[in-house]
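Now for the letters of each chain:
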2 protein chains.
Amino acid sequence: MNYSQIFCEYLKKHDLKNTTERLTVLQVVLAMDKHFDVESLIDRLKSQQKKISRATVYRTMELLVDCGLVTKHRFGENGRVYEPKSERDNHDHFLCVSCGKIIEFYDPEIEGIHQRLCERFGVEILDYSHQLYGKCNKCSG
Amino acid sequence: MNYSQIFCEYLKKHDLKNTTERLTVLQVVLAMDKHFDVESLIDRLKSQQKKISRATVYRTMELLVDCGLVTKHRFGENGRVYEPKSERDNHDHFLCVSCGKIIEFYDPEIEGIHQRLCERFGVEILDYSHQLYGKCNKCSG
DNA sequence: ACAACCATTGAGAATGAGTCTCAATGTCAG
DNA sequence: CTGACATTGAGACTCATTCTCAATGGTTGT
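Residues numbered from 1 in each chain as written. Chains lettered and ligands numbered in written order. Predicted model: local features only at pLDDT ≥ 70, side-chain atom pairs only at ≥ 80, totals over all residues. Heavy atoms only, no water.

## Details of the domain arrangement of chain A
All names here are of chain A. Domain boundaries in chain A define domain 1 (3-84) and domain 2 (92-134). Listed as interface residues are seven residues of domain 1 and, on the opposing side, six residues of domain 2. Between domain 1 and domain 2 the total buried area reaches about 510 Å² when both faces are included, carbon and sulfur atoms providing 58% of it. Scanning the region where domain 1 abuts domain 2 turns up one salt bridge. For Glu104, the salt bridge identified is with Lys34, shortest N-O distance 2.8 Å. Run the count over domain 1 and domain 2 and you get five residue pairs in polar contact (both at pLDDT 80 or more). Of the residues that constitute the side of domain 1 that touches domain 2, the class distribution is one nonpolar, three polar and three charged. (Domains from an automatic or database assignment. Contact = heavy atoms within 4.5 Å. Buried area = accessible area lost by both parts, 1.4 Å probe. Salt bridge = Lys/Arg side-chain N within 4 Å of Asp/Glu carboxyl O. Polar contact = N/O pair within 3.5 Å; in protein donor to acceptor, adjacent residues only side chain to side chain. Nonpolar A, V, L, I, M, F, W, Y, C, P; charged D, E, K, R; others polar.)

Dropping the structure here:
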């Protein structure tokens, strides 16, 4: 099942309408760089002569996050950054404060930490955010 | 060396002036709840008849973060939250999305993760952010 | 102690990301 | 096809944070 199909199913299941704006946003999102902000997405839409309002773009991104096709991040003091999510795609981010490079990494021990937290405090974890900031190998020293 | 002394040293070292506004903000910050936002801090200042402008409060918080007396967080979609930092005070946060409760926890394995990242990619970590969102034991189920 | 220099402050304007409004438009079940 | 109602778009709005700049105040050297 591809992204569009998943999105359509999601829309149907929630009694939301299958509009061209929504599908167009999804298409363009999938063609963006891995990490992008809404501003770039809107620029891209404009440059492709797709006239979709800022409000609709924001509204649609929310849906895409909600149906699990996209994840939303906050890196440092900047606004939101989105990232299309692929199956079993579980990673955290390192951001170089000098050049802006983003390194994605996965360390299974993060799950150990979460597991121990749940056991210790009896909480249920729904979501998390884990970012590292520093200098990449080219910028350090 | 107490907080005020550290702050004064910091100011001197950076050729910044030792103003009553700056010291007042520090005093009131130390008397705040563990996690607070700028709005509450400004309210507190007002209620104590200390007239310090919004701009100065923001500017001073930046200094306090820079000199390591306070840490700055972003929890979810909300604005900044500050937290006075004590010696060897290394912890992450769990936030209950239902009741707002904050649990602080420390799991040494977070450092293992960071260590492995440094070795693997040759990066230097300067800072990080790690928050968990979910339901606390009273709100889950 | 004093003057002079320059950092700091405050009030309010400006910014900017994100949200809201509501009339016009589009979707879709029946 | 049509009615019911969800969605869209343009721009107003919000709200946290930053900026501006004239007035104020610390600090240093004498």
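After presenting the structure, the write-up continues.
## Quick word on the interface of chain B and chain A
Between chain B and chain A, the contact holds 38 residues from the first and 38 residues from the second. A combined buried area of about 3,100 Å² lies between chain B and chain A, and 59% of that area is made up of carbon and sulfur atoms. Three residues, B:Arg74, B:Glu77 and B:Ile113, lead the burial of chain B against chain A; their summed loss comes to 17% of the area buried on that side. Where chain B packs against chain A, one counts eight salt bridges. One salt bridge in this structure joins A:Arg116 and B:Asp107, with 2.8 Å as the shortest N-O distance. For the side of chain B that touches chain A, the secondary-structure elements that each account for two or more residues are strand E1 (70-74), strand E4 (102-105), helix H5 (109-121) and strand E5 (124-135) of chain B. Considering each element in turn, the side of chain B that touches chain A owes the most residues, 12 residues, to E5(B). Split by residue class, the side of chain B that touches chain A holds 16 nonpolar, 10 polar and 12 charged. When strand E5 (residues 124-135) of chain A meets E5(B), the two strands line up antiparallel, connected through 11 bridges. Along E5(B), the bridge assignment pairs A:Lys135 with B:Glu124. (Helix = DSSP H or I, 4+ residues; strand = E, 2+ residues; numbered from the N terminus. Pairing = 2+ DSSP bridges.)

## Thoughts on the protein's contact with DNA strand C
Around DNA strand C, the surrounding shell holds 18 residues, and the nearest of these are A:Tyr58, B:Thr19, B:Arg22, B:Thr56 and B:Arg59. Among all atoms of DNA strand C positioned within 4 Å of the protein, those belonging to sugar or phosphate total 70%. Contacts to DNA strand C include A:Asn18, whose backbone N or O atom sits 3.4 Å from a phosphate oxygen. A:Tyr58 has a polar side-chain atom sitting 2.8 Å from a phosphate oxygen of DNA strand C. Of all the secondary structure elements, the ones that give two or more residues to the surface near DNA strand C are helix H4 (54-66) of chain A together with helix H2 (20-30) and helix H4 (54-66) of chain B. Its residues assigned to classes, the surface near DNA strand C shows five nonpolar, five polar and eight charged. (Near = heavy atom within 4 Å.)

## Quick word on helix H3 (residues 38-47) of chain B
Residue and element names in this part refer to chain B. For H3, the complete set of buried residues consists of Val38, Leu41, Ile42 and Leu45. Viewed along the axis of H3, the buried residues span an arc of 100°, placing them on a single side of the element. Against the buried residues of H3 lie H2, H4 and strand E2 (80-84). (Buried < 20%, exposed > 50% of the residue type's maximum accessible area, 1.4 Å probe, protein only. Arc of directions from axis to C-beta.)

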